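Descriptive analysis of the structure
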Amino acid sequence: MNIVKLEKYMIEEVVNIWNTEVSASGIYKPFTTKSFQETFINNNSYNKEGSLVIKLNNEIIGYGNAVFKDKNETTPGFITCVVIKKAYQRKGYGTILLKELENFLKANNKNYIRQLFLNPISLEWIIPNTNNHDHPNAPAVEYNSAFYLFLLANGYNVSGQQQDAFYLNITNYEIPDKIKQINNKNESNGYYITFYEKEKHHGFKELFEALNNPLWYEAVKNNLKLDKPHKMLVVVKNNKILGWTGPLFTTNSKRGYFAGIGIHPNIQGLGIGSSLFSELIYQSKINGSQFMSLFTGSENPARNIYLKAGFKIVKSFAVLRKEI
């Protein structure tokens, strides 16, 4: 048995192992050699030293991947996957491969590993009981999956909030009468939901400072830098921005994108968050989306907005951690 770095000629066999042992019996999408290369090798955080193949008598029997964003010891390393051919499972090969990946992360100044939350390599998955509706990344490790049990057996522990995946088929979505009533009341007080107009509306910086969310502000600025920025819904009063969601666009799989929703603390509690989210769903449908999916922590109050809008929790994921 030996462990070697992944070479280009090995990718097809690694893809076959993934599709047979992972995709065929779980939620994760199958790979092609092209999509594998785009997901792993073309990723800015990919490191060949952390992309390992385990071989037995020249037969490739497994693959594992580890990555990190930087060499700051306060940031985590990530184990993207460890997959072993069925005939060789439960014989210790997976643990051996995992240990090599952990050693790679340790050698690069990592003190702990976090699964999979915020991993720069995203694993796409299929939402159960749908017509292949997909989500672009797994927020953490699926509870009671083979990978979950494998990691627990190798010293990983549940850490932080459970991550719940929400889903709604929006092909027939209409804004509920209750939301229309809330809109009428808020409009009478000067609060309107509309599409952002650069020449007219102001206050993004102040909004995201109040929400203490610089990542959303970056998302807005990056969108506005595009040659053709995507539409963004905002809540305004006297043209001052007091709420935001977007950008609005539909993926190739007909998924309505969702980056987040933020309402200024001064106007929270008026139902505006629910109204804004409802408008996003409706406008996503108009824009050609057939479904929407998102995930959030089990303690995030925003989950109540999603549930009230008709979303259902379709999968729960555990954030796992191990000190190394």
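Residues numbered from 1 in each chain as written. Predicted model: local features only at pLDDT ≥ 70, side-chain atom pairs only at ≥ 80, totals over all residues. Heavy atoms only, no water.

**A word on the overall build of the protein chain**
A tally of helices and strands in the protein chain yields 9 helices and 18 strands. The C-alpha extent of the protein chain, read off along each of the three principal axes, is 75 × 40 × 40 Å. Going through the 324 residues of the protein chain one by one, you find that 48% of them count as buried. Considering only residue pairs separated by 6 or more positions, the protein chain has 72% of its internal contacts joining residues 24 or more positions apart. Here the protein chain has roughly 16,400 Å² of accessible surface; of this, 46% comes from carbon and sulfur atoms. (Helix = DSSP H or I, 4+ residues; strand = E, 2+ residues; numbered from the N terminus. Buried < 20%, exposed > 50% of the residue type's maximum accessible area, 1.4 Å probe, protein only. Contact = heavy atoms within 4.5 Å. Areas by Shrake-Rupley, 256 points an atom, 1.4 Å probe, with all protein chains shown as cover.)

**Points about the pattern of salt bridges**
Per the stated rule, a full pass over the model turns up 14 salt bridges. Where lysine 221 meets glutamate 218, a salt bridge forms, and the shortest distance between an N and an O atom there is 3.0 Å. With a gap of 3 residues between them, lysine 221 and glutamate 218 both fall in helix H7 (residues 214-224), about one helical turn apart. Residue classification places lysine 221 among the partly exposed positions, given a relative accessible area of 31%. Among the salt bridges present, the one from glutamate 323 reaches arginine 321, with a minimum N-O distance of 2.7 Å. The exposed category is assigned to glutamate 323, whose relative accessible area is 52%. Bridged by salt links that share partners, the residues Glu13, Glu59 and Lys85 form one connected network. (Salt bridge = Lys/Arg side-chain N within 4 Å of Asp/Glu carboxyl O.)

**Details of the layout of surface pockets**
The probe, sized like a water molecule, is rolled over the atoms to show the empty space still left. Its volume calculated, the second largest pocket comes out at about 940 Å³. If you go around the second largest pocket, you meet 33 residues; those closest to its centre are Val82, Gln89, Ala146, Phe147 and Phe150. Among the elements of the structure, helix H1 (11-21), strand S4 (77-84), helix H3 (93-107), strand S8 (141-142) and helix H4 (146-153) are those that each provide at least two residues to the lining of the second largest pocket. Partitioned by chemical class, the residues of the lining of the second largest pocket number 18 nonpolar, 10 polar and 5 charged. (1 Å grid on protein atoms, 1.4 Å probe; cavity = no way out; pocket = protein on both sides within 12 Å on 5 of 7 lines; lining within 4 Å. Points joined across faces, edges and corners; volume = space filled by probe spheres on them. Nonpolar A, V, L, I, M, F, W, Y, C, P; charged D, E, K, R; others polar.)

**Some points on a nonpolar patch on the surface**
On the surface, Leu149, Leu152 and Val158 cluster together into a nonpolar patch covering about 240 Å² of accessible area. Counting through the fold element by element, leucine 149 comes out in helix H4. The class for leucine 149 is partly exposed, based on a relative accessible area of 47%. (Patch = residues over 30% accessible without salt bridge, like charges linked within 9 Å, V, L, I, M, F, W, Y side chains within 5 Å.)

**Re unusual backbone geometry**
At the junction of glycine 246 and proline 247, the peptide bond is cis and its omega measures out at -10° in the coordinates. Structurally, proline 247 is set in strand S13 (residues 240-248). In the Ramachandran plot, asparagine 132 falls in the positive-phi region, its phi being about 60° despite a non-glycine side chain.

**Comments concerning the nonpolar core**
In terms of nonpolar packing, the biggest core is built from 59 residues, with Leu6, Tyr28, Phe36, Phe40, Tyr63 and Ile79 touching the most fellow members. Excluding residues that lie within four positions of it along the chain, tyrosine 28 makes contacts with Trp18, Val22, Ser23, Leu116, Leu123, Glu124, Trp125, Ala138 and Ala140. With 27 residues, the next largest nonpolar core counts Leu168, Ile263, Leu276 and Ile281 among its residues. (Core = buried A, V, L, I, M, F, W, Y, C linked by side-chain atoms within 4.5 Å.)

**Side note on the sheet that holds strand S11 (residues 192-195)**
Pairing between the strands of a sheet comes from backbone hydrogen bonds, and it takes one of two forms, parallel or antiparallel. Taken together, 4 strands build an open sheet; the order of strands is S11-S12-S13-S15 and the sheet is antiparallel. Among the strands making up the open sheet, the edge pair consists of S11 and strand S15 (261-263). With direction set aside, neighbouring strand axes in the sheet form an average angle of 15°. Inspection of the sheet shows S11 paired to strand S12 (residues 231-237) by 4 bridges, in the antiparallel sense. Within the sheet, the bridge partner assigned to phenylalanine 195 lies in S12 and is leucine 233. Packing against the sheet, helix H6 (residues 204-211) makes contact with S12, S13 and S15, and its axis sits at approximately 90° to S13. (Pairing = 2+ DSSP bridges. Axes fitted to C-alpha atoms, helices over the stretch in contact; angles between N-to-C directions.)

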